[in-house]
Amino acid sequence: MIHHTAIISPAATLAKDLEIGPYCIIGGGVTLASGCHLTHHVSLQGPSSFGARNIFHPFCSIGNKTQDLKYTGEPTLLEVGEDNEFREFVTVNRGTAPGEKTIIGSHNLFLTYSHVAHNCEVGNYCILSNNGTLAGHVIVEDYAIISGLAAVHQFCRIGQHSLVGGCTKIVKDVPPYFIADGNPAEISAVNLVGLQRRNFSDEDIQTIRAAFKKFCDPKLNTSQAMQALTEEFPDSPHVQNLINFVNNSQRGVIR
């Protein structure tokens, strides 16, 4: 099911059961697995690989070269998992230095005009809302949500099950389970709705809420807050995940 107006490089590798609509362009080095659907006017460039059942909506541009000015034409990569959906005008760039990758997991939703820059790593079950923007080398962990018009600075991390509010400017790491909102961004609450949707138990949610209060205690600096969390919640894997995330931060965390 390939429309006669589609332009496909002979150096592309395609599964046999694809749907490729009008005026799509597939460049050399692109690998498309079973069940992918390109609606129309989609541009895929390589080297890049796409797992099964990815859906590409009109005018998205996936796998183009990095926008990093240091790039001098070396082969760089994009790897995409399965069951992702790229809505209209989404852009995803390959890595910058030779052999470097931009990596996207599976079951993610990228809404209109969202952008994933070079060397980013996006996990699984994430959502980038309209105009959500990731600069280079950003890491987005599983189940995170980037709301509309939010922008994430280079080398920041967005923790799992977190939520970045609309129009928010992120220049430090966003801890897991929490909501970051405002400009400059602050941690405003636990991502309660997100945790409930992911079937967190009431006990775990109460523990995370208690950890949130200690984490945001204005009388404690970050090191003191981590020490308090370690002492008060030694048996909670979720609090331990929060502690590890903060302790491994290179840019510091939003509080």
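For the structure, see preceding data.
Quick caveat, the model's predicted, so the values are computed rather than measured.

Digging into the overall build of the protein chain
For the protein chain, the helix and strand inventory stands at four helices and 27 strands. The C-alpha radius of gyration computed for the protein chain amounts to 20 Å, which stays within 12% of the reference 18 Å derived for 255 residues, consistent with globular compactness. Referenced to the eigenvectors of the C-alpha coordinate spread, the extents of the protein chain come out at roughly 65 × 40 × 30 Å. Within the span of the protein chain, comprising 255 residues, buried residues form 49% of the whole. The long-range fraction of contacts in the protein chain, counting pairs at least 24 apart against all pairs at least 6 apart in sequence, stands at 30%. Charge separation in the protein chain, taken as the distance between the mean sites of 18 positive and 23 negative side-chain charges, equals 5 Å.

Topic: the pattern of salt bridges
With the rule as written, the count across this model stands at eight salt bridges. Two residues, Asp217 and Lys219, come together in a salt bridge whose shortest N-O distance is 3.3 Å. Judged by its relative accessible area of 67%, Lys219 is exposed. Overlapping salt bridges bring together Arg53, Glu82 and Asp83 as one network.

What about the side chain of Asp68?
By the element assignment, Asp68 lies in the loop between β10 (61–64) and β11 (77–80). A distance of 2.8 Å separates the side chain of Asp68 from the side chain of Lys70, its partner in a polar contact. Once you skip the residues sitting within four places of it in the chain, Asp68 turns out to touch Thr96 and His118.

Section: the nonpolar core
If you look at the biggest cluster of nonpolar residues, it comprises 64 residues, and the most contacted ones within it are Leu32, Phe56, Ile62, Phe86 and Ile170. Of all the secondary structure elements, the ones that give two or more residues to this core are β5 (30–32), β11, β26 (178–181), β27 (186–190), α2 (202–215), α3 (222–232) and α4 (237–247). With residues near it in sequence (within four places) discarded, Phe56 still touches Leu32, His37, Leu38, Thr39, Val42, Leu44, Phe50, Ile62 and Phe86.

Side note on the pairing of β11
Only one face of β11 is covered, namely the one carrying Leu78 and Val80; the face carrying Leu77 and Glu79 has none of its residues buried. As paired elements, strand β8 (residues 48–50) and β11 share three bridges and run parallel to each other. Within β11, the residue paired with Phe50 across the bridge is Val80. Where β11 and strand β14 (residues 101–104) come together, four bridges link them in parallel fashion. Each bridged residue has a counterpart across the sheet, and for Glu79 the counterpart in β14 is Ile103.

Some thoughts on the packing of aromatic side chains
The geometry of an aromatic ring pair comes down to the distance between the two centres and the angle between the two planes. Taken as a whole and assessed by the stated rule, the structure comprises nine aromatic pairs. Aromatic rings pair up to connect Phe50, Phe56, Phe86 and Phe110 into one cluster. Lying over the aromatic face of Phe215, Arg255 brings its terminal NZ or CZ to 5.5 Å of the ring centre.

A few points about α2
For α2, spanning 14 residues, the distance from its first C-alpha to its last is 20 Å, which sits close to the expected 20 Å at 1.5 Å a residue. Three or more residues of α2 are buried, namely Ile205, Thr207, Ile208, Ala211, Phe212 and Phe215. One face of α2 carries all of its buried residues, which in axial projection span an arc of 160 degrees. The exposed set on the far side of α2, more than 90 degrees from its buried face, consists of Asp202, Glu203 and Lys213. Against the buried residues of α2 lie β26, β27, α1 (192–197), α3 and α4.

Quick word on the sheet that holds strand β7 (residues 43–44)
Within the open sheet, the nine strands sit side by side as β1-β4-β7-β10-β13-β16-β19-β22-β25. Their pairing is parallel. Two strands in the sheet have a free side with no partner beyond their single neighbour: β1 (7–8) and β25 (169–170). Pairing between strand β4 (residues 25–26) and β7: two bridges, direction parallel. Within β7, the position partnered with Ile26 by the bridge is Leu44.

What about the packing of α3 against α4?
Interhelical geometry of α3 versus α4 gives an angle of 155 degrees and a closest axis separation of 10 Å. When the axes of α3 and α4 are compared, the pair comes out roughly antiparallel. Crossing of α3 over α4 shows left-handed handedness. On the side of α3, the interface is formed by Thr222, Met226, Leu229 and Thr230, while α4 contributes Val239, Leu242, Ile243, Val246 and Asn247. Split by residue class, the contact of α3 with α4 holds six nonpolar, three polar and no charged.

Cut-off values and rules
- Residues numbered from 1 in each chain as written.
- Predicted model: local features only at pLDDT ≥ 70, side-chain atom pairs only at ≥ 80, totals over all residues.
- Heavy atoms only, no water.
- Helix = DSSP H or I, 4+ residues; strand = E, 2+ residues; numbered from the N terminus.
- Rg over C-alpha atoms; globule rule 2.2 N^0.38 Å.
- Buried < 20%, exposed > 50% of the residue type's maximum accessible area, 1.4 Å probe, protein only.
- Contact = heavy atoms within 4.5 Å.
- Lys, Arg positive; Asp, Glu negative; His and termini not counted.
- Charge placed at Lys NZ, Arg CZ, Asp CG, Glu CD.
- Salt bridge = Lys/Arg side-chain N within 4 Å of Asp/Glu carboxyl O.
- Polar contact = N/O pair within 3.5 Å; in protein donor to acceptor, adjacent residues only side chain to side chain.
- Core = buried A, V, L, I, M, F, W, Y, C linked by side-chain atoms within 4.5 Å.
- Pairing = 2+ DSSP bridges.
- Phe/Tyr/Trp six-rings, centres within 6.5 Å; stacked < 30°, edge-to-face > 60°.
- Lys NZ or Arg CZ within 6 Å of the ring centre and 35° of its normal.
- Expected span 1.5 Å × (residues − 1).
- Arc of directions from axis to C-beta.
- Axes fitted to C-alpha atoms, helices over the stretch in contact; angles between N-to-C directions.
- Parallel < 35°, antiparallel > 145°, perpendicular 65-115°, else oblique.
- Left-handed = near helix turned anticlockwise from the far one by under 90°.
- Nonpolar A, V, L, I, M, F, W, Y, C, P; charged D, E, K, R; others polar.

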